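Each chain is listed here by its residues.
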Amino acid sequence: MAQAVPATAAPLGRRRTRQRLLGYAFLAPAVAVHLFVVGLPALAALGLSLTDWDGLRIPRFIGLANFDELIQRDGVFWQAFLNNLRWMAVFLTIPVALGLGTAVTLSRVTRLQTFYRVVFFLPYVFASVVVSRIFGFIYNPFYGVNKLFKDWGLGVLAQSWLGDPAIALYSVMAADVWHFWGFDMVVFLAALQQIDPSLYEAATIDGAGGWQRFRYMTLPLLRPTFGFILMMTALWSFLTFDYVYVM
């Protein structure tokens, strides 16, 4: 004999279905705009990558010939790809370490914390082109940091920051690190403020020192934040054309 369904189960199920449909209805405009602004151009770019087109004539379909030329015969592609991997390796370490260390320090500051947040986060507000121009002036061999080194008797430190192939990439990286690390700091600081202080109090009572609390409590609790920052950093590492082009 089949078990009778409670009278309240059906209305509750319909209510949940309506709630889900209402959520989809609110989400639909944003999805439509995203597909129109991002999805369609992405599909158009993918389609054009399979054609021979100079921007004027009618595109001619050539299949994967463009990719074959890029990978097999373009001598610059692999060097550029390697530079992107170097850039990503630097940005997965230095800005993350700076942001985390500063966030942990600021989380223990009780006075002027808002002031320090603004000061450290302010460079991230600047446009990348502005930051590139600022560091272009800093690296200028005639009136930049080289002149200061020579005036201070430290001429041995003067370098061709943007002219020497051995250090040019890392000079541009320094500009992006200065620009970006404040973002990591704010994200880590927001995550640290969500941790229950009673956990640290209990660990202290149990005899855990500062390093032990950081290693066995702070880092594991920040694992989701690390995942977000590392994912976004890896994606943004391939979007650095503006720094190189301007500088």
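Since the structure is predicted, the reported quantities are computational estimates derived from the model, not experimental observations.

Caption draft 1: Looking closely at the nonpolar core. In terms of nonpolar packing, the biggest core is built from 32 residues, with Leu100, Phe188 and Leu222 touching the most fellow members. Contributions of two or more residues to this core are made by helix H3 (77–91), helix H4 (94–107), helix H6 (128–138), helix H8 (168–192) and helix H11 (223–236). At 14 residues, H8 tops the list of elements feeding residues into this core. Ignoring any residue separated from it by four or fewer positions in sequence, one finds Leu222 in contact with Leu100, Phe188, Ala191 and Leu192.

Caption draft 2: Quick peek at the packing of helix H9 (residues 197–205) against helix H10 (residues 210–221). Orientation of H9 relative to H10, taken along the N-to-C sense of each, is 160°, at an axis distance of 11 Å. Here H9 is positioned roughly antiparallel relative to H10, judged by the angle of their axes. In this structure, H9 crosses over H10, and the sense of that crossing is right-handed. From H9, Leu199, Tyr200, Ala203 and Thr204 reach across to H10, where they touch Arg213, Met217, Thr218 and Leu221. Residue composition of the contact of H9 with H10, grouped by class: five nonpolar, two polar and one charged.

Caption draft 3: Focus on H3. Between its terminal C-alpha atoms H3 stretches 21 Å, which fits the 21 Å expected from 15 residues at 1.5 Å a residue. Of the residues making up H3, those classed as buried are Asn84, Trp87, Met88, Val90 and Phe91. Taken down its axis, H3 places every buried residue within 160° of arc, on the same side.

Caption draft 4: Inspection of H6 at higher detail. Every buried residue of H6 is listed here: Ser128, Val131, Ser132 and Phe135. Projection of H6 onto a plane perpendicular to its axis shows the buried side chains occupying an angular sector of 100°, all on one side. Those residues of H6 hidden inside the fold are in contact with helix H5 (113–125), H8 and helix H12 (241–246).

Thresholds applied
Residues numbered from 1 in each chain as written. Predicted model: local features only at pLDDT ≥ 70, side-chain atom pairs only at ≥ 80, totals over all residues. Heavy atoms only, no water. Core = buried A, V, L, I, M, F, W, Y, C linked by side-chain atoms within 4.5 Å. Buried < 20%, exposed > 50% of the residue type's maximum accessible area, 1.4 Å probe, protein only. Helix = DSSP H or I, 4+ residues; strand = E, 2+ residues; numbered from the N terminus. Contact = heavy atoms within 4.5 Å. Axes fitted to C-alpha atoms, helices over the stretch in contact; angles between N-to-C directions. Parallel < 35°, antiparallel > 145°, perpendicular 65-115°, else oblique. Left-handed = near helix turned anticlockwise from the far one by under 90°. Nonpolar A, V, L, I, M, F, W, Y, C, P; charged D, E, K, R; others polar. Expected span 1.5 Å × (residues − 1). Arc of directions from axis to C-beta.

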